[in-house]
Amino acid sequence: MIEVRNLRKQFGDIVAIDDICFTVEPGEVCAFLGPNGAGKTTTMRILTGFIAATSGTVRVAGFDVFESPMEVKRRVGYLPETPPLYPEMTVLEYLAFVAAIKGVPRREIKAAIDVAVEKVTLGEVSGRLIANLSKGYRQRVGLAHAIIHNPPVLILDEPTVGLDPKQIIEIRELIKGLAGEHTIILSTHILPEATAVCQKVVIVNHGKVVAVDTPEGLSAQVRQSETLSVRVRRIESVASEKIQAIGGTLVLQEASPKEGEGRFLVEVGRGIDLREALAKTIVEEGWGLLEMKPMALSLEEVFLQLTTEEKGGAVHELPSPELSLSGSVS
Amino acid sequence: MKNIWTLAFKELRIYFTSPIVYVVAMVFLAVSDYLFVVPIYRYASMFSQITRFRGGGELPEINLHEAVFRPAYLSMGVVLLLMIPCLTMRLLAEEKKGKTLELLLTSPIRLSEIVLGKFLGACLVYAFLLLLTLHQPLVLMGVTTVAWKLLLTSYLGLLLMGGLLIAWGLFASALTENQIIAAVTSFGLLIGFWLIGAMAQSTGETATDSVLHYLSVTEHLDNFIKGLIDTRDITYFVSMILLGLFLTHRVLESHRWKSL
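Definitions and limits used
Residues numbered from 1 in each chain as written. Chains lettered and ligands numbered in written order. Predicted model: local features only at pLDDT ≥ 70, side-chain atom pairs only at ≥ 80, totals over all residues. Helix = DSSP H or I, 4+ residues; strand = E, 2+ residues; numbered from the N terminus. Buried ≥ 20, exposed ≤ 12 C-beta atoms within 10 Å, placed from the backbone. Contact = placed C-beta atoms within 7 Å. Pairing = 2+ DSSP bridges. Axes fitted to C-alpha atoms, helices over the stretch in contact; angles between N-to-C directions. Nonpolar A, V, L, I, M, F, W, Y, C, P; charged D, E, K, R; others polar. pLDDT = per-residue confidence, 0-100. Core = buried A, V, L, I, M, F, W, Y, C linked by C-beta atoms within 7 Å. Left-handed = near helix turned anticlockwise from the far one by under 90°.

S.K.: Just to check I follow, could you spell out the overall build of chain B for this structure?
M.R.: When helices and strands are counted, chain B shows twelve helices and zero strands. From first element to last, N terminus to C terminus, chain B shows the α and β order α-α-α-α-α-α-α-α-α-α-α-α. In terms of overall dimensions, chain B has a C-alpha envelope of 75 × 45 × 30 Å along the principal axes. Classification of the 260 residues of chain B by burial places 37% in the buried group.

The structure is reproduced here in structure tokens:
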């Protein structure tokens, strides 16, 4: 559905993106992931025909963006980072205008608006001026404007940025709901978003594609070892030699404010299940086992690893406790 | 063509739902009515002086159009130089600032349609302003005969001049995302069109003189007000409008090649 080959864009001497290649299959939801300034927005703007690339080709729904921009624009719904809204218009007036310039036939405009308003649940604010809408509702109007001409391809640039957590979940649900009928590319620098809604992740950094895979595949790809997180009553007595003796490595040890109680991490080679032996040791040593759970490497860590390795070949450090806690569900 | 009207109506909607048109219309009408009343008083006093001098008898022939409408419309032209930038400054600068240009440029519409739609929208608002000034001849019609055909050519001239000012105001608006900069730039450009005429009068009878004369807006407008429809004047206005629109198109096209 979307085919990007050797895409390059230079602004003067600055290379914004360099040799970007990826494809998105029909019906797929693809996350475009990268830190700020990685070239996500530039790539999306080229995909939509807003700016021209320096070199490389983009084909959307079988049409080349440079050769037949009109055909591509008819088939793409694009939500830029700032939704392009006219504050002086009401939601319905705005959607009618967008439908008209997107080429929806006059007789079908009303039906198209009804469908879009229904899909993003804008019913109760549809008569209000856009200037008076909250950020969450504006984002929804932005989504409605992107789907109004029922395009096969949706390109969403950071659709959840600046929203509160409840709104973020709502918008994600909306995107999931759209996933069946549309091929979607969404850019984000928030990782759980990619795991939550996407089948494919393209990680970009410094204008280059660093990795393309499924979210699960990515974490498997970089996982060299597994980590067990253990919480015990008396952390001071934990001895790394005891753990080494059963085949693990004590990698982190931290005490909580509560007297003596704390947590430590044990790294184990891949495919070895150390839980039973570890539990036995802890009980025998009388450290007071409170909790033990395996930690899967979250996408966040994968992302950090990939984007930092790219920079200076730095070896992946162990995730900090905050990061790992947020990503350790399994 | 359908897209041009869609865009023009969008502009109209924004003009009339925001206070812009009402404020501009109020100021424009107040100033142009004042500039209309002044020659009427002059005309009236001249008339009474002549009748007193002649001591009654047959009334003298004074051309009402020449004495009242011509000076009034020429000064209305100057007022327009100041009013039009207030209408045009938002046309593209606002779209850039509000990021809505991204919507227009990623929609299946041509750049030329965007430019023409904006131009047409502003022209319709301007035509509405001119329509409001029609009360001036209507008032005079009650007390004397008005030369309607001359008024018709005058309004045609004013329409064409407005089109020129709008096209160049649109160009100024395409250059920036700041409306104040757009307004000041168009003030400069439009007053330039007017000053060229004054410059021509101060130089001698040379080739540059005739070029400057040709470029001056007021010369061409005056011909229309005098009731003269000359293809040279029409050519002047139409070609200047097209040049302004073409430059606007080029500026917008250049955005595709750089970041906004």
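So much for the structure itself; the text now carries on.
S.K.: I'm lost on the environment of Gln10 of chain A in this one. Help?
M.R.: All names here are of chain A. Its location among the elements puts Gln10 in strand β1 (residues 2–11). Overall, the presence of 14 C-beta atoms within 10 Å leaves Gln10 in the partly exposed class. Considered as a pair, Gln10 and Gly62 are 52 residues apart in the sequence and their alpha carbons are 25 Å apart. Gln10 has contacts with Val15, Ala16 and Thr54, leaving out every residue within four places of it along the chain.

S.K.: Help me out: how do you make sense of the sheet that holds strand β8 (residues 183–188) of chain A in this one?
M.R.: Sheet strands pair by backbone hydrogen bonding; their relative direction is either parallel or antiparallel. Residue and element names in this part refer to chain A. What the six strands build is an open sheet, ordered β6-β7-β8-β3-β9-β10; its pairing is mixed. Of all strands in the sheet, those bounded by a partner on one side alone are β6 (76–79) and β10 (208–213). Neighbouring strand axes in the sheet, compared pairwise and without regard to direction, differ in orientation by 15° on average. In the sheet, strand β3 (residues 29–33) pairs with β8 via five bridges, with the strands oriented parallel. If you follow Cys30 over to β8, its bridge partner there is Ile185. Here helix α1 (residues 40–47) sits on the sheet and contacts β3, β7 (153–157), β8 and β9 (200–205); the angle it forms with β7, its principal contact strand, is near 150°. Contacts from helix α6 (residues 165–179) reach β3, β7 and β8 within the one sheet, and its direction differs from that of β8 by about 155°.

S.K.: What is the right way to read the interface of chain B and chain A from this model?
M.R.: Often, the extent of an interface is quoted as the loss of accessible area on bringing the components together. Contacts between the two partners involve 20 residues from chain B, matched on the other side by 22 residues from chain A. At the level of elements, α1 (2–17) and α5 (101–105) of chain B are the ones that each hand at least two residues to the side of chain B that touches chain A. If one sorts the elements of the side of chain B that touches chain A by residue count, α1 of chain B sits on top with six residues. Across the side of chain B that touches chain A, the residue classes break down as six nonpolar, eight polar and six charged.

S.K.: So what exactly am I meant to see when it comes to the confidence of the model for chain B here?
M.R.: Low pLDDT means the predicted atomic positions in that stretch should not be read closely. Residue and element names in this part refer to chain B. Here chain B shows a mean pLDDT of 89. Residues at 70 or above account for 94%. Confidence scores differ between elements of chain B, with helix α10 (residues 207–215) showing the lowest mean pLDDT of 79 and helix α6 (residues 111–132) the highest of 95. With pTM at 0.81, the complex prediction returns an ipTM value of 0.87.

S.K.: When you look at the nonpolar core in this model, what are you seeing that I'm missing?
M.R.: Side chains of a nonpolar character, in soluble globular proteins, are inclined to be buried together. Counting residues in each nonpolar core, the largest one holds 135 residues, and the members touching the most others are Leu95 and Ala144 of chain A together with Leu164 of chain B. Tallying contributions element by element places helix α8 (residues 148–174) of chain B first for this core, with twelve residues. Beyond its immediate stretch of four places on either side in the chain, Ala144 of chain A contacts Leu95, Ala116, Val117, Val120 and Leu122 of chain A.

S.K.: Before we go on, may I ask you to explain the packing of helix α3 (residues 64–88) of chain B against helix α11 (residues 217–225) of chain B in this structure?
M.R.: The axes of two packed helices give the description: the angle between them and the distance between them. All names here are of chain B. One can describe the packing of α3 onto α11 by two numbers: an axis separation of 10 Å at closest approach and a directional angle of 145°. Here α3 and α11 pass one another in a crossing that is right-handed. In contact with Arg70, Tyr73, Leu74 and Gly77 of α3, α11 contributes Thr218, Leu221, Asp222 and Ile225. Grouping the amino acids of the contact of α3 with α11 by side-chain chemistry returns four nonpolar, two polar and two charged.

S.K.: Sorry, what's going on with the sheet that holds strand β2 (residues 14–24) of chain A here?
M.R.: Residues and elements named next belong to chain A. Reading across from one edge, β2-β1-β4-β5 is the order of the four strands in this open sheet, with antiparallel pairing throughout. Of all strands in the sheet, those with a lone pairing partner are β2 and β5 (63–64), marking the two edges. Looking at chain direction, β1 and strand β4 (residues 55–60) are connected through five bridges and run antiparallel. Along β4, the bridge assignment pairs Ile2 with Val60.

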